[in-house]
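# Inside the fold
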Amino acid sequence: MAHVASIGASLRALRRGDRDLIAPFGADELRPSMRGALLAPWPNRTANGEYEFGGRTHRLPLTEPELMNAAHGLVAWLDFVAVAKSADALTLRATIEPQPGYPWRVRVDTIFRLSADGLDQEVVALNEADTAAPFGMGGHPYLVAGPARPRAIDAWSLQIPATEMVLVDPERLLPVGSVDVRDGDARFDFRTSRTIGDTTLNHAFTGLVRDPDGAARVRVLDADGDGAEVVWDERCPWVQIYTADGPGTGSHRHAVAVEPTTCPPDALNSKRDLATVEPGATVSAAWSIRAVDGQRMPRA
């Protein structure tokens, strides 16, 4: 069972049988912490809302004014319309209109396909402007391996098949460098599944170790090896992991946000893995959320 909200093409709930795979939210609830939202035309943050592209400086509205950042793109609050639907598939569409800081028109289609094991999502962006447009995207599901309650994740395990982690300024959550997790702080090396404990993450990872078919996967499991995973292909060379830290709130460490992305934080400035989409061209990405059964974790 899956429920998708039209605002932001947001995945609102996903269950397999009687088990949640993501932290859900209600149909009449203000979407908490970007749960399930589509992030485009950039994921994560843009420092000061400013970047240069095409020989011009562009200034975006600061949606995180306290941090002086433009966060999570422009589609999260667009109302998508259904252009195709069936019992197990749904296609939603919205258009990013030219606006301050992003003077391009880009049509965004997102396709959801439900299966017995979970949900596949594909996003296709078409540049309808007359000039090339910068573009990045990602998803924002919060995985669970049990009831989504405060500090639930401390007892769960996490596996991230990545060798590089981006360091961030704790004041503004912007990139300040990167480290090889094999040489850095062992707290951030989750290449082998292990208990999360009190580890705090709001970091992007890359250098992904993929399956023979090119898939990367991040898993969140309980002590019995049940839980959920996000799986994606080479179109997303990055994943942002967020441990939902909000002390004193009902969602403090209640789930783990696993966000496959096509580029890292502040990519509009760094240009690292940022797509340049020519007029009439498309760019796409896809990921899947699946149930995991019986992958027993090592005890801490």
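Parameters and conventions
Residues numbered from 1 in each chain as written. Predicted model: local features only at pLDDT ≥ 70, side-chain atom pairs only at ≥ 80, totals over all residues. Heavy atoms only, no water. Helix = DSSP H or I, 4+ residues; strand = E, 2+ residues; numbered from the N terminus. Rg over C-alpha atoms; globule rule 2.2 N^0.38 Å. Contact = heavy atoms within 4.5 Å. Areas by Shrake-Rupley, 256 points an atom, 1.4 Å probe, with all protein chains shown as cover. Lys, Arg positive; Asp, Glu negative; His and termini not counted. Charge placed at Lys NZ, Arg CZ, Asp CG, Glu CD. pLDDT = per-residue confidence, 0-100. Phe/Tyr/Trp six-rings, centres within 6.5 Å; stacked < 30°, edge-to-face > 60°. Buried < 20%, exposed > 50% of the residue type's maximum accessible area, 1.4 Å probe, protein only. Lys NZ or Arg CZ within 6 Å of the ring centre and 35° of its normal. Pairing = 2+ DSSP bridges. Patch = residues over 30% accessible without salt bridge, like charges linked within 9 Å, V, L, I, M, F, W, Y side chains within 5 Å. Salt bridge = Lys/Arg side-chain N within 4 Å of Asp/Glu carboxyl O. Core = buried A, V, L, I, M, F, W, Y, C linked by side-chain atoms within 4.5 Å.

A few words on the overall build of the protein. Looking only at helices and strands, the protein has 1 helix and 24 strands in total. Relative to the globule expectation of 19 Å for 300 residues, the C-alpha radius of gyration of the protein, 18 Å, shows essentially globular dimensions. The principal-axis extents of the C-alpha atoms in the protein amount to approximately 55 × 45 × 40 Å. Taking the contacts inside the protein whose residues are at least 6 apart along the sequence as the reference set, 66% of them involve residues at least 24 apart. Counting every atom, the protein has about 12,700 Å² of accessible surface; 50% of that belongs to carbon and sulfur. Here the protein contributes 31 positive and 40 negative side-chain charges, whose respective centroids are spaced 2 Å apart.

Okay, the confidence of the model for the protein next. Predicted coordinates in areas of low pLDDT are best not read in detail. Of all residues in the protein, 98% have pLDDT values of 70 or greater, and the mean over the chain is 95. Note that residues 296–300 has pLDDT below 50 and, in this model, 13 contacts with residues that lie over four places away or in other chains.

The full count for this structure, using the stated rule, is 3 aromatic pairs. With a centroid separation of 5.7 Å and an interplanar angle of 85 degrees, the aromatic rings of Phe 53 and Trp 104 are classed as edge-to-face. In this pair, Phe 53 is assigned in strand β5 (residues 50–53) and Trp 104 in the loop between β9 (89–96) and β10 (106–114), connecting sequence segments 51 residues apart. For the pair Phe 53 and Trp 104, one class covers both residues: buried. Put simply, the rings of Phe 53, Tyr 102 and Trp 104 pair up and form one aromatic cluster. When the ring centre of Trp 77 is taken as origin, the NZ or CZ atom of Arg 31, which lies over that ring, is 4.1 Å away.

Turning next to the sheet that holds strand β22 (residues 256–261). Strands sit in the order β13-β22-β21-β18-β15-β16 across an open sheet of 6 strands; the sheet is antiparallel. Strand pairing shows two members of the sheet lacking a second neighbour, β13 (142–143) and β16 (175–180), which therefore form its edges. Where β13 meets β22, 2 bridges bridge the pair, whose relative direction is antiparallel. Bridged to Tyr 142 within β22 is Ala 257.

Within strand β11 (residues 118–127), 7 of the 10 residues are buried, which leaves the element mostly enclosed by the surrounding structure. As paired strands, β10 and β11 are joined by 9 bridges and run antiparallel to one another. When the bridges of β11 are listed, Arg 107 appears paired with Leu 126. Where β11 meets strand β24 (residues 282–292), 9 bridges bridge the pair, whose relative direction is antiparallel. Paired with Gln 121 across the bridge in β24 is Trp 287.

A few words now on a nonpolar patch on the surface. Taken together, the side chains of Ile 7, Leu 30 and Trp 77 present a nonpolar region at the surface, about 350 Å² in accessible area. Take Leu 30: it is sitting in the loop between β3 (19–20) and β4 (45–47).

This part takes up the pattern of salt bridges. Inspection of the entire model under this criterion finds 20 salt bridges. Arg 93 is paired through a salt bridge with Asp 109; the nearest N and O atoms lie 2.7 Å apart. One end of the pair, Arg 93, is in strand β9; the other, Asp 109, is in strand β10, and 16 residues separate them in sequence. Ionic pairing is found between Glu 97 and Arg 105, a salt bridge with its closest N-O pair at 2.8 Å. Look at Arg 105 and you get partly exposed, because its relative accessible area is 33%. Each member of the salt-bridge network shares a partner with another, and the members are Arg 16, Arg 19, Asp 117 and Asp 293.

In this section: the nonpolar core. If you look at the biggest cluster of nonpolar residues, it comprises 72 residues, and the most contacted ones within it are Phe 135, Leu 158, Ile 160 and Ile 241. Counting residues per element, this core draws most heavily on β24, which supplies 5 residues. Excluding residues that lie within four positions of it along the chain, Leu 158 makes contacts with Phe 190, Thr 192, Ser 193, Arg 194, Ile 196, Leu 201, Val 218, Arg 219, Val 220, Ile 241 and Val 256.

Quick look at the sheet that holds strand β14 (residues 157–159) now. A sheet is described by the order of its strands in space; here 9 strands give the open sequence β8-β9-β10-β11-β24-β20-β19-β14-β17, paired in antiparallel fashion. A strand with exactly one partner marks an edge of an open sheet, and here the two such strands are β8 (81–85) and β17 (194–195).

This part takes up the environment of Pro 265. Tracing the chain through its elements places Pro 265 in the loop between β22 and α1 (267–270). Overall, Pro 265 belongs to the buried group, its relative accessible area being 6%. Between the C-alpha atom of Pro 265 and that of Ala 71, which follows or precedes it by 194 residues, the distance is 9.4 Å. In contact with Pro 265, not counting residues within four places along its chain, are Asn 44, Arg 45, Pro 175, Ala 204 and Gln 240.

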